[in-house]
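Chains, contacts and geometry: an overview
Read off the chains here:
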Amino acid sequence: MSGKKFNIAIAGATGAVGNQMITCLEESSIPLKSVRFLASHRSAGSKLNFKGASIDVEELTENSFKGVDIALFSAGGGTSKKFAPFAANDGCVVIDNSSAWRMDPDVPLVVPEVNPHAVADYTNKGIIANPNCSTIQMVVAINPVYRKCGIRRIVVSTYQAVSGTGKKAIDELFDQTRSMINFADYEINVYPHRIAFNCLPHIDVFLENGYTKEEMKMVNETRKIFEDDSIGVTATTVRVPVFYSHSESVNIETKEHISADEVKSLLENKPGIKVVDDPANNIYPLAIDAAGQDLTLVGRIRNDESIPNGINMWIVADNIRKGAATNTVQIAEILADKYL
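This brings us to the sheet that holds strand β13 (residues 310-317). One key point about sheets: their strands pair by backbone hydrogen bonds, in either a parallel or an antiparallel sense. One open sheet holds the 6 strands; their spatial order is β9-β8-β10-β13-β12-β11, and the pairing between them is mixed. Among the strands making up the open sheet, the edge pair consists of β9 (232-239) and β11 (273-275). Along the sheet, successive strands turn relative to each other by an average axial angle of 20°, direction set aside. Where strand β10 (residues 246-254) meets β13, 8 bridges bridge the pair, whose relative direction is antiparallel. Residue Val250 lies in a different strand from β13, and its bridge partner there is Met313. Across the sheet, helix α6 (residues 260-267) is in contact with β11, β12 (296-303) and β13; its angle to β12 comes to roughly 160°.

The subject of this paragraph is the side chain of Asp304. On the secondary structure map, Asp304 appears in the loop between β12 and β13. Despite its burial, Asp304 pairs with no opposite charge, the nearest such side chain being Arg153 at 7.8 Å. Engagement of the side chain of Asp304 in a polar contact is seen with the side chain of Asn251, the distance being 2.9 Å. A polar contact is formed between the side chain of Asp304 and the side chain of Ser306, at a distance of 2.6 Å. If sequence neighbours within four positions are ignored, Asp304 has contacts with Asn251, Gly310, Ile311 and Asn312.

Given 3.6 residues per turn, any residue in an α-helix points the same way as the ones three and four places further on. In this model, helix α3 (residues 133-149) (17 residues) spans 25 Å end to end at C-alpha, consistent with the 24 Å of a helix rising 1.5 Å per residue. In α3, a bend of some 45° at Ile142 exceeds every other bend along the element, and Pro144, a proline, comes one to four places later. In terms of burial, α3 is largely enclosed, as 15 of its 17 residues are buried. Looking one or two places after α3, you find Gly150, whose phi comes out positive at around 75°.

Formed by 55 residues in total, the largest nonpolar core has its most connected members in Ile142, Ile154, Val250, Ile252, Ile301 and Met313. By residue number, the principal contributor to this core is α3, which donates 9 residues. With near-sequence residues (within four places) excluded, Val250 lies in contact with Met138, Ile142, Ile154, Val155, Val156, Ile311, Asn312, Met313 and Ile315. With 36 residues, the next largest nonpolar core counts Ile8, Val17, Ile128 and Val329 among its residues.

It is worth spelling out the pattern of salt bridges at this point. By the definition in use, this model includes 13 salt bridges. Linking Lys66 and Asp90 is a salt bridge whose minimum nitrogen-to-oxygen distance equals 3.5 Å. A residue pair is termed long-range when its members are at least 10 positions apart, and Lys66 in the loop between β4 (53-59) and β5 (70-73) and Asp90 in the loop between α2 (77-89) and β6 (93-96) qualify at 24 residues. Among the residues examined, Asp90 registers a relative accessible area of 28% and is labelled partly exposed. Its salt-bridge partner being Glu221, residue Arg102 comes within 3.3 Å of it at the nearest N-O pair. Separated by 119 residues along the polypeptide, Arg102 in the loop between β6 and β7 (127-129) and Glu221 in helix α5 (residues 213-226) bring together distant segments of the chain. Since its relative accessible area comes to 6%, Arg102 is described here as buried. Salt bridges sharing common partners tie together Glu27, Asp294 and Arg321.

With respect to the helices and strands, Asn251 occurs in strand β10. Judged by its relative accessible area of 16%, Asn251 is buried. There is a polar contact of 2.8 Å between the side chain of Asn251 and the side chain of Asn312. Excluding residues within four positions of it along the chain, Asn251 makes contact with Arg153, Ile154, Val155, Asp304, Ile311 and Asn312.

So, on to the sheet that holds strand β1 (residues 6-11). Read from one edge of the open sheet, 7 strands run β3-β4-β2-β1-β5-β6-β7, paired in mixed fashion. In the strand order of this sheet, the two ends are held by β3 (47-50) and β7, each with one partner. Taken pair by pair, the neighbouring strands of this sheet meet at an average axis angle of 30°, ignoring direction. Strand direction decides the pairing type here: β3 and β4, joined by 4 bridges, are antiparallel. Each residue of the ladder has a partner; that of Lys47, found in β4, is Asp56. Relative to the sheet, helix α1 (residues 16-27) contacts β1, β2 (32-39), β3 and β5, its axis offset from that of β3 by approximately 25°.

What you see with β5 is no split at all: Ile70 and Leu72 on one side and Ala71 and Phe73 on the other are buried throughout. In the sheet, β1 pairs with β5 via 4 bridges, with the strands oriented parallel. The residue bridging Ala9 from the neighbouring strand is Ala71, located in β5. In this sheet, β6 lies alongside β5 in parallel orientation, the contact comprising 4 bridges.

Turning our eyes to something else, we now look at the packing of aromatic side chains. In this structure the tally under the stated criterion is 5 aromatic pairs. A centroid spacing of 6.2 Å and a plane angle of 70° characterise the contact between Phe37 and Phe50, whose relative ring orientation is edge-to-face. Taken together, the positions of Phe37 in strand β2 and Phe50 in strand β3 put the pair 13 residues apart, joining distant regions of the chain. The class for Phe37 is buried, based on a relative accessible area of 0%. Residues Tyr159 and Trp314 carry aromatic rings whose centres are separated by 5.5 Å and whose planes lie at 40° to one another, so their mutual orientation is tilted. Separated by 155 residues along the polypeptide, Tyr159 in strand β8 (residues 151-160) and Trp314 in strand β13 bring together distant segments of the chain. For Trp314, a relative accessible area of 24% translates into the label partly exposed. Sitting above the plane of the Trp101 ring, Lys81 keeps its charged end 4.1 Å from the centroid.

About the criteria used
Residues numbered from 1 in each chain as written. Predicted model: local features only at pLDDT ≥ 70, side-chain atom pairs only at ≥ 80, totals over all residues. Heavy atoms only, no water. Pairing = 2+ DSSP bridges. Helix = DSSP H or I, 4+ residues; strand = E, 2+ residues; numbered from the N terminus. Axes fitted to C-alpha atoms, helices over the stretch in contact; angles between N-to-C directions. Contact = heavy atoms within 4.5 Å. Buried < 20%, exposed > 50% of the residue type's maximum accessible area, 1.4 Å probe, protein only. Lys, Arg positive; Asp, Glu negative; His and termini not counted. Salt bridge = Lys/Arg side-chain N within 4 Å of Asp/Glu carboxyl O. Polar contact = N/O pair within 3.5 Å; in protein donor to acceptor, adjacent residues only side chain to side chain. Expected span 1.5 Å × (residues − 1). Bend = angle between axes of the 7 residues up to and from the residue. Core = buried A, V, L, I, M, F, W, Y, C linked by side-chain atoms within 4.5 Å. Phe/Tyr/Trp six-rings, centres within 6.5 Å; stacked < 30°, edge-to-face > 60°. Lys NZ or Arg CZ within 6 Å of the ring centre and 35° of its normal.

This is how it looks when you write it as structure tokens:
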């Protein structure tokens, strides 16, 4: 770091991801001059703790960013579309966690372990986009393979925790589970079907091509992050009755041959990755083990015996931390260290 101290704001600070951003910022190496917490009118006036201090939550307005160096946004796409340009016009760099800016050609889409160089393009609009949580963990895990031997095609099926939908979904899974265990009636409000003891192959809205918006996010974001539109990507995204951490079954077809053992060696000690792969002793990545940490866990690495250059792997990460808050703060660290 240059020695400069930074004024940082968190928009959407009272939400699940916003709360986690506060924790990640507390853990960060960014030298802070001040921190501001912003939220909707109904949350304004409440208090949040930061490093032992109680800080008032302010209402998010068009004038909230004067004097702010970096703003971390986790307040929804509509809010970001409205307020991020005001922040940028005031000289603040926005790192946005919604889908609002991800596919804007002038806005970099960044995963620090994969394409940190893209942060430099923040000067285009003063905005950096944080990818979808399911995309982040996948590209972190496959990036070393992509860099070494290229990837022709990715087939991914996700098993996504309810925390990706928010606190109401967490509460609904808990309430439905408790009701069913007690043979009581349950309510369905958040999802179109019961989530307890069930799997829903439906995340976000369905599009005309039969895929959901979540699935197409993974397709388009992966290509943008790798700056490679030649990669074939197909996705099926499923909501499962797990509270935290997304799991993914990923099959990749590489351009050059690489063995499963070589992939394991390649991933060992790579930033942000932990290989958890000893199936003979029932050791493989689990959602409950990934929850609460920033590493992307990779295991069940094996050759796809149906094609010459195929690799299968199982990838798990905490969707609220690495899939959202941690990735955002890591981008902020790069900004503070190299560009501001």
